[in-house]
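# What the coordinates show
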Amino acid sequence: MNQSTQSIDIRLIECAKTFSDGTRALEPLTLQIEAGETVVLLGPSGCGKTTTLRIIAGLESPDPGGQVLFGQDDVTNQPIERRNVGMVFQSYALFPNMSVEQNIAYGLTVRKMANDEKARRVAEMLDMMQITELAGRRIDQLSGGQRQRVALARAIAVRPRVLLLDEPLTALDALLRERLRVEIDQLLRELGITAVYVTHDQNEAMALGDRIVVMDKGMVAQTGTPQDIYYKPSNAFVADFIGTINRLRGTANKGMLQTAGGKLPWSGPDAGDIEVLFRPEDATIVALDAAELRGHVVASYFLGDRTKVLLDGIGEQTVVVETADRRQFAKGAEIGLIIKPDALMTLE
Amino acid sequence: MSLDRKEVPLLAVMLIPVFVVFATFFLLPMARLVLVAGSGENGMSEYLTVIRTPRHFESLIATVLLSAVTTLAALVISGISGVFLERNRFRGREALISMLTFPLAFPGVVIGFLVIMLAGRQGLAKEISTALTGTRLVFAYSMAGLFVGYLYFSIPRVILTLMAAAEKLDPALEEAARSLGASRWQVIRDVIVPALKPALIASGAICFATAMGAFGTAFTLATNIDVLPMTIYTEFTLNANIATAAALSIMLGIVTWIALYIARSLAGSTVAAAA
Amino acid sequence: MRRSGIFYLNLGFTLLVCAFLIVPVFLSIKAGVTENFFQGVKSGLTLRWVGEVWELYADTIYLSLLISITCLIADLLIGVPAAYVLAKKSGRTARIIEETLVLPIAIPGLAIALALIITYGGFRDFRTSWLFILVGHVLYTLPFMVRSVLAVLSSFDFKTLEEGAASLGASFWQRFFTVILPNCRSGILAGSLMVVTLSVGEFNLTWMLHTPLTKTLPVGLADSYASMRLEVASAYTLVFMVMILPLLIALQLYGQPREVGHGKPATPGSRASS
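Residues numbered from 1 in each chain as written. Chains lettered and ligands numbered in written order. Predicted model: local features only at pLDDT ≥ 70, side-chain atom pairs only at ≥ 80, totals over all residues. Heavy atoms only, no water.

### Notes on the overall build of chain A
- Tallying secondary structure elements over chain A gives eight helices and 19 strands in all.
- Structurally, chain A occupies a C-alpha span of about 75 × 45 × 40 Å along its principal axes.
- Taking contacts inside chain A between residues at least 6 apart in sequence as the whole, the part at least 24 apart equals 65%.
- A total of about 15100 Å² of accessible surface is found on chain A, and carbon and sulfur atoms cover 48% of it.
- Where the 38 positive side-chain charges of chain A centre and where its 46 negative ones centre are 4 Å apart. (Helix = DSSP H or I, 4+ residues; strand = E, 2+ residues; numbered from the N terminus. Contact = heavy atoms within 4.5 Å. Areas by Shrake-Rupley, 256 points an atom, 1.4 Å probe, with all protein chains shown as cover. Lys, Arg positive; Asp, Glu negative; His and termini not counted. Charge placed at Lys NZ, Arg CZ, Asp CG, Glu CD.)

Here it is as structure tokens:
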């Protein structure tokens, strides 16, 4: 791959966004994205992630005082067409009046690239995305997955300084989403390009992001690696938004945590009444006499590779655990659990 | 949005041509028309004489009535045929649709001429009635002739709009009503007509507006019935009574515009789109 | 499927409506090629009257063609950009402009013509040229072009397409000419056919705006109905119908702006959703 453009870092400094109708889409945000890094903006709809991406792209300008830097280059007042970004839209935004080939060539045509070089570049892109046989097709003759590939090829054909992806997989069905996610991941690694990826899907975020920026109500809730976000959520919003989490209330005293469902070993400080969290996969169902916690089955769902069991009598809310055991869980039956010692989390 | 904000001057540039043309040839002349109507011997009370002069007032009433009756008839006829053609697929359907929409582009004069062909002194109606009963049926040059002509140019316009609306009717609604035991007539009353209501109002309004302003048909038939456009024309060309002609035109414009406005507030914003 | 009695009742009714619309047309055509209308077809068929019409009225046909084509060009130049701006801006000003542009549909042609005469009738050269008629036609047909283009613009997410083009480096005008216009083809075509058809058949305005030297086809028709023998008038009507027939067929084929072939529609509000 001779992606000649060097990757650059992106800095947002105090970028806020208030729309003309007065709604505040984004509180002042400062964010550093390293060169070659893939950062995923993750959050529910309305959290400000798309606005942030559009500010980076140049489709929105930040409120006065905000600054966008591409490397040393202050691009705050540059319109998108001069920023040299590659963008992939949720709806793909492929031009229906052009063939696949013409779509991919569009950015090069606009840049007045010589025809032979353009043809070479387009062929390279078609090859890279494995869509060479689609070159002459019309857009409305393509499947969703094919459109996605064309959109990616079109965005990277211009060798952009950064690649911006706005929920690129949302319009696809689950199976295809999974496959393209892997492809996009490989592509980003291969290109080594600075990429910003917006999604509301935590699995996508985990799989693709070097770092994840979780956003909520126009503010950053937490920034960190997928592991950080998952195992060390810094607040209740992140803990709830990412994965499934169980909450227990208990009294920490002398290396033990006393909860409604039983006693757990506790390595933290004696903090009196505290709330601890743990992930379903960190609990193991064991025989009652070996159990640390005991609860009663409320419901169980067979999911194929595993069974999801809902228990009460342990925390204030239902506790969810998962097991690969091939056993039936009768409603009301008493179940014992142990929890991995390092799996208990607390929020500050 | 930055994309938008930087585009505003460019978008304004794109509006300049249409603005110049409209300001010069529409807004300014219409303003002058309003002024001229008030510049005659009677001043602004010219507008009132239009109502006080029985001849003019009668012509206004006649025009409104004729337009209203035409609209009603066109809606009923086009409603029946439009829904029928949209609901049923049979051989020759396309040909029927083509025939029904063929007269769409006929100017009023041609329609007047066709009415003469149908009901004039040497018309088809006369031929048939003479052969059958011995009486000579000639009605082209009367109110009936005008009505036939107005109906002729209204049906194609209305039927196109209604067919487009009927296409979007969800057959499941009708099926649901029938599954609940509604009779055919109840289905029409409770499902089809309400669903077509916006289209009926929209196309009815356009039909009414067109009928109010129609001039060519009456001109060709040269009837003794003064519809308002004919009155305006007579005042302007024969009597050189420019102020009266202007005042009458404005009356005509206002009545028509009010009809469209009422229809639009009843039916949403698509009224002027259908034509 | 077995047809019910209601079906045949409806079909009968529809056939009657068709007959009402089509029979007079045939009567007129027949009269136009009959040697003597009062004696009927038995007097023989002839193209004599059509020839006579051509001799007498050919210039009205040329003028109508000239005006309708010029009118179309004017509508394209001023109407298409206007429609784009109106589709793009959602504010109150844009809606007021849109209202004003479609006003000539609501105001009777006679009133517009009168207003034009009152205002510009004194400019003799302008008053007596075909451009005077053209102005009226442009006002009257422009709403149809604008509406048609607006309709196609609202059928696809052109704003996102533009953003896509901008992200690839295209400037405002590049976006307009390479992305917006090509995707509006169907609406522009439908609008164009409508404009030409309406212009060729326009009478209400034209009758007031014309002069003895600037007669269009419908004006000539009115003229012949008043002063010529029935056969000539019929033959002239026949010529008119032959002229607009291709336009009408094209209108039926392309008259509805088609939806632009497009990817999965963006979810509503996706532009500023998060």
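### Considerations on the nonpolar core
- Core analysis: the biggest nonpolar cluster contains 261 residues, and I104(A), F106(B) and Y84(C) have the highest contact counts within it.
- Tallying contributions element by element places helix α2 (residues 48-88) of chain C first for this core, with 15 residues.
- For Y84(C), the contacting residues outside a window of four places in its chain are L11(B), M14(B), L153(C), F158(C), E162(C), F172(C), F176(C) and I180(C).
- In terms of nonpolar packing, the next biggest core, distinct from the first, is built from 23 residues, L248(A), L311(A), V321(A) and I339(A) among them. (Core = buried A, V, L, I, M, F, W, Y, C linked by side-chain atoms within 4.5 Å. Buried < 20%, exposed > 50% of the residue type's maximum accessible area, 1.4 Å probe, protein only.)

### Section: the domain arrangement of chain B
Residues and elements named next belong to chain B.
- In terms of domains, chain B is made up of domain 1 (1-37) and domain 2 (48-273).
- Opposite the four residues of domain 1 that make contact, domain 2 presents six residues.
- Among the residues of domain 1 in contact with domain 2, L33, V36 and A37 are the three that bury the most area, contributing 89% of the side total.
- Put simply, domain 1 and domain 2 have zero salt bridges between them.
- Between the two partners, domain 1 and domain 2, sit zero residue pairs in polar contact (both at pLDDT 80 or more).
- Counted by class, the side of domain 1 that touches domain 2 contains four nonpolar, no polar and no charged residues. (Domains from an automatic or database assignment. Buried area = accessible area lost by both parts, 1.4 Å probe. Salt bridge = Lys/Arg side-chain N within 4 Å of Asp/Glu carboxyl O. Polar contact = N/O pair within 3.5 Å; in protein donor to acceptor, adjacent residues only side chain to side chain. Nonpolar A, V, L, I, M, F, W, Y, C, P; charged D, E, K, R; others polar.)

### Digging into the environment of H137(C)
Residues and elements named next belong to chain C.
- Residue placement: H137 occurs in helix α6 (residues 130-153).
- Separated by 79 residues in sequence, H137 and A58 place their C-alpha atoms 21 Å apart.
- When neighbours within four sequence positions are excluded, H137 is seen to be in contact with I67, C71, S199, E202 and T206.

### Quick look at the interface of chain C and chain B
- If you look at the interface, chain C gives 84 residues, while chain B gives 80 residues.
- With both chains or domains summed, chain C and chain B bury close to 7500 Å², and 81% of this area falls on carbon and sulfur atoms.
- Note that K88(C) is salt-bridged to E7(B), the shortest N-O span being 2.8 Å.
- Linking chain C to chain B there are eight residue pairs in polar contact (both at pLDDT 80 or more).

### Re the sheet that holds strand β2 (residues 24-33) of chain A
Residue and element names in this part refer to chain A.
- Read across the sheet, four strands follow the order β2-β1-β4-β5 without closing on themselves; strand pairing throughout is antiparallel. On the outer flanks of this sheet lie β2 and β5 (73-74), each paired with one strand and no other.
- Two elements, strand β1 (residues 10-18) and strand β4 (residues 67-70), share four bridges in a ladder whose sense is antiparallel. Following the sheet pairing, I10 is matched in β4 by F70.
- Strand contacts of helix α1 (residues 49-57): β1, β2 and β4, with the helix running at about 120 degrees to β1, the strand carrying the most contacts. (Pairing = 2+ DSSP bridges. Axes fitted to C-alpha atoms, helices over the stretch in contact; angles between N-to-C directions.)

### Details of the pattern of salt bridges
All names here are of chain A.
- By the definition in use, this model includes 38 salt bridges over all chains.
- Put simply, R189 and D185 hold a salt bridge, and the shortest N to O gap is 3.0 Å. Residue R189 and its partner D185 are both found in helix α5 (residues 174-191); the two are separated by four residues, about one turn of the helix.
- Between E322 and R306 there is a salt bridge, with its nearest N and O atoms 3.0 Å apart. Pair noted here: E322 is in strand β18 (residues 319-323) and R306 is in the loop between β16 (293-302) and β17 (307-312), with a separation of 16 residues, a long-range link.
- Relative accessible area serves as the criterion here: at 30%, R306 is assigned to the partly exposed category.

### Comments concerning the packing of aromatic side chains
Residue and element names in this part refer to chain C.
- Summed over all chains, the structure comprises 37 aromatic pairs over all chains.
- Between Y84 and F172, the aromatic rings sit 6.4 Å apart at their centres with planes inclined by 55 degrees, giving tilted as the arrangement. Taken together, the positions of Y84 in helix α2 and F172 in helix α8 (residues 172-183) put the pair 88 residues apart, joining distant regions of the chain.
- Under the relative-accessibility criterion, Y84 is labelled buried at 1%.
- Consider the rings of Y120 and F123, whose centres lie 6.0 Å apart with planes at 40 degrees: the pair is tilted. (Phe/Tyr/Trp six-rings, centres within 6.5 Å; stacked < 30°, edge-to-face > 60°.)

### Examining the interface of chain C and chain A
- Counting residues at the interface gives 31 residues for chain C, matched by 34 residues for chain A.
- For the pairing of chain C and chain A, the buried interface totals around 2600 Å² over both sides, and the portion due to carbon and sulfur atoms is 56%.
- Inspection of the chain C/chain A interface yields two salt bridges.
- We note a salt bridge from R175(C) to E81(A), for which the minimum N-O separation is 3.5 Å.
- One can count six residue pairs in polar contact (both at pLDDT 80 or more) joining chain C with chain A.
- Residue assignment for the side of chain C that touches chain A shows that the elements contributing at least two residues are α7 (158-167) and α8 of chain C.
- Residues belonging to the side of chain C that touches chain A are distributed by class as follows: 11 nonpolar, 15 polar and five charged.

### A short note on the packing of α2(C) against helix α12 (residues 230-254) of chain C
Residue and element names in this part refer to chain C.
- Two elements in contact, α2 and α12, have axes whose closest approach is 9 Å; the angle formed by their N-to-C orientations is 45 degrees. Here α2 is positioned oblique relative to α12, judged by the angle of their axes. The handedness of the crossing between α2 and α12 comes out as right-handed. Counted together, W49, V50, E52, V53, Y57, T60, I61 and L65 of α2 and E231, V232, A235, Y236, L238, V239 and M243 of α12 form the full contact between these two elements. (Parallel < 35°, antiparallel > 145°, perpendicular 65-115°, else oblique. Left-handed = near helix turned anticlockwise from the far one by under 90°.)

### A look at the state of the cysteines
- Tallying each qualifying case throughout the model produces zero disulfides over all chains.
- For C207(B), which is in no disulfide, the shortest distance to another cysteine sulfur is to C18(C) and amounts to 18 Å. (Disulfide = S-S within 2.5 Å.)

### Let's talk about the side chain of R154(A)
- Checked against the element boundaries, R154(A) lands in helix α4 (residues 144-157).
- An unpaired buried charge is present at R154(A): no salt bridge exists, and E163(C), the closest side chain of opposite charge, is 9.9 Å distant.
- A distance of 3.2 Å separates a polar atom in the side chain of R154(A) from a polar atom in the side chain of N103(A).
- Among all residues touching R154(A), those that are not within four sequence positions of it are Y92(A), A93(A), L94(A), F95(A), N103(A), I104(A), G164(C) and L168(C).

### A few points about the sheet that holds strand β12 (residues 256-259) of chain A
Residues and elements named next belong to chain A.
- Strands sit in the order β13-β12-β11-β14 across an open sheet of four strands; the sheet is antiparallel. Each edge of the open sheet carries a strand with a single partner, namely β13 (262-265) and β14 (272-278). Strand-to-strand, the axes of this sheet are offset by a mean angle of 40 degrees, without reference to chain direction.
- By the bridge criterion, four bridges tie β12 to β13 in an arrangement that is antiparallel. Note that in β13 the partner of T259 across the bridge is G262.

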